[in-house]
Structure formats: C-alpha cells, structure tokens
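# Summary of structural features
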Amino acid sequence: MNEPIAKPTPENPEEKLKIYFLPNLLTAGNLFCGFVALTKIVDADLTPDPVTNFINWMPIKLALAFILLACIFDLFDGRVARMIGVESPFGREFDSLADLVSFGVAPAFLVQRVVLADVFPDEYRRISWFIASIYLLCGAFRLARFNCLSAMKLPGAGKDFLGFPIPSAAGLVASLTLLIIHFHEKEKSLGYWNYLIAAVLIFLSAMMVSSVRYPSFKALGLRSTSTFWKMIGAALFIGCLFTLREKILYYVLPIFFTSYLIYGFVRPSLSRAWRREIEEEDDEPGEAH
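Our subject in this report is the structure included herewith. (Residues numbered from 1 in each chain as written. Predicted model: local features only at pLDDT ≥ 70, side-chain atom pairs only at ≥ 80, totals over all residues. Heavy atoms only, no water.)

### A few points about the side chain of threonine 177
- Within the secondary structure, threonine 177 is located in helix 5 (residues 166-185).
- A relative accessible area of 0% places threonine 177 in the buried class.
- Discounting chain neighbours no more than four positions away, the residues touching threonine 177 are Leu64, Leu110, Val111, Val114 and Val115. (Helix = DSSP H or I, 4+ residues; strand = E, 2+ residues; numbered from the N terminus. Buried < 20%, exposed > 50% of the residue type's maximum accessible area, 1.4 Å probe, protein only. Contact = heavy atoms within 4.5 Å.)

Rendered as structure tokens:
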C-alpha cells in the first residue's frame, strides 16, 4: 500500500517544486535567443547610405536567425522532458514566459520596425504599433489559455494545439520578413505587397486565439520510428537545403510554416489513415514540460 504524498507546507513551499536541469536549460536557450534578437533589432541602423543607398540588413538577419533558433530550442525542450520523464508545471510556465519574449515581443517589434514602419507614413505610425500590439496580445492570450487547459486537463493541451502555436506564428513572420529583406537587397519593388505582412500579422493573431486544432507532432519525437522512404526523403531534403541554402532558403521557410498553417484547415477533411501517416500518431499522451 502506497503512503500518502505529503503536500508542501507553508514553511517549505518549494518542497514539491520540481525544476529539471536539461529541459529548462533548453528553455533558457529559447529565452536567451529572444533577448539577443531584441538587442539586434534595437541596434540596427536602417537608414540608407546617402551616396550608395545601401542598407545594412545584417543585424536584422541575425535577429531573424535567433528567432528561428529559438524555435529549435522550443521544439526540443518539451521532447527532452517527455523522453526522460521529467515534465513539471514549472517547466510549462517557464516555457510560456520564454515563448512570449521570443515569439511574441521579438517578432512584433521586428515587423513594426522593419516592415510596418515603411508601410504606414509618419502620420499613421500609430497604426503600425497597433497592429504589432494585436499580435503580441493574442500571443499572450494563446499561451495563457494553453496553460489553463493543461492545468485543468481539458482538451487542447494534449496531442492537439487549440489555435495556431505561437512558435509557428513567429517562424512564419520571421521567414516572410527575411523574404522581404531578400527582395529589398535584389532591389525589387514589392509595391502593394508590402501590405501583405500587415494582413498576415492580423490573420495570425486571429488564428492563435481560434478554435482550429493543429497537431503538436509530439508523437514525432526523438524515439519515434519511421519508414525507410521517409528517412531517405528527409535526408535528401536536408541535404538539398544545405547545398542550395542561398537560393531556396528564403522560399522554403515561408512555404514550410504556411503549409502548417493551412494544414489546420484541411486536417478535418482527411481520413484517419492519412492523418496517422502524416502525424505519426501513437497512444502516448503528451503535454508541455
């Protein structure tokens, strides 16, 4: 017969507070990347050279790289926690705080500084701040809702995400911004397409707080199995990405995150067999660490 588990006493409130090193170290890496991205955005001087009209985009590119690197840290922290069986409420809360900085504040500030500031003239500059703030508020609401659903053990915090995940939203925003910078460097005028990122930001804000369900792909973990041809295809794709990164990276990343965004809409119409093949579903429950 198991002995009853003692509850934390007021004299020792941290008695049952579990803080596991490796998963939270990865989350700390996520938060660090978000902070560095913000510093690069603040330090960037986007004033064109008066003679050559050259704009130094390198600080912004570094900020975009750190946002995408934060996505990688966020991808693995929960998987590592589940793999070694050390999920905890502290990890979930810490992860949300890091996500709000790396995938909420940093992308919103990035888009306002790089894209929206040029779309709206000085007299309408407040509109750009307002659009960016909508994204940030909806991202914070989405994270808070996820934590509440996780704590209450309600649908929306298991294998499926309720609403578009904020790391994926940040990845789409960052990749589109990188594509816009690429066009600027090629001296290609976007014209009215400059307004696209503003529309995308508003749409992503609505999707984050929507009721559309997205697979978390938690079954696709470090110990998941796969078919031979899937492994060959993945290896060829990664090899092609590294070999032709200068030519296709600007286009592959937006396509990747856009495909995930669209998948949430077409997913209900797919058969169970197709969904199992794409998501590699298993019976192992999952939740953020």
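### Points about helix 6 (residues 196-208)
- A rise of 1.5 Å per residue sets the reference length of helix 6, with its 13 residues, at 18 Å; its end C-alpha atoms lie 18 Å apart and thus fit the reference within 8%.
- Buried within helix 6 are the following residues: Ile197, Ala198, Val200, Leu201, Leu204, Ser205, Met207 and Met208. (Expected span 1.5 Å × (residues − 1).)

### Section: the pattern of salt bridges
- Going through the model one piece at a time under the given rule, you end up with 2 salt bridges.
- Notably, a salt bridge pairs lysine 61 with glutamate 185, separated by 2.9 Å at the nearest N-O pair. Of this pair, lysine 61 sits in helix 2 (residues 58-83) while glutamate 185 is found in helix 5, placing the two residues 124 residues apart along the sequence.
- A relative accessible area of 39% means that glutamate 185 is categorised as partly exposed. (Salt bridge = Lys/Arg side-chain N within 4 Å of Asp/Glu carboxyl O.)

### Quick notes on the packing of helix 4 (residues 125-152) against helix 5
- Running from N to C, helix 4 and helix 5 point in directions that differ by 155 degrees, and their axes come no closer than 10 Å. By the angle between their directions, the pair helix 4 and helix 5 is classed as roughly antiparallel. Between helix 4 and helix 5, the residues in contact are Tyr135, Gly139, Arg142 and Leu143 and Ile166, Ala169, Ala170 and Val173, respectively.
- Looking at the contact of helix 4 with helix 5 residue by residue, the classes come out as 6 nonpolar, 1 polar and 1 charged. (Axes fitted to C-alpha atoms, helices over the stretch in contact; angles between N-to-C directions. Parallel < 35°, antiparallel > 145°, perpendicular 65-115°, else oblique. Nonpolar A, V, L, I, M, F, W, Y, C, P; charged D, E, K, R; others polar.)

### So, a nonpolar patch on the surface
- A surface patch of nonpolar side chains, amounting to about 490 Å² of accessible area, comprises Phe21, Leu22, Leu25, Met83 and Ile84.
- In terms of residue count, the dominant contributor to the nonpolar patch is helix 1 (residues 21-43) (3 residues).
- In this structure, phenylalanine 21 sits in helix 1. (Patch = residues over 30% accessible without salt bridge, like charges linked within 9 Å, V, L, I, M, F, W, Y side chains within 5 Å. Areas by Shrake-Rupley, 256 points an atom, 1.4 Å probe, with all protein chains shown as cover.)

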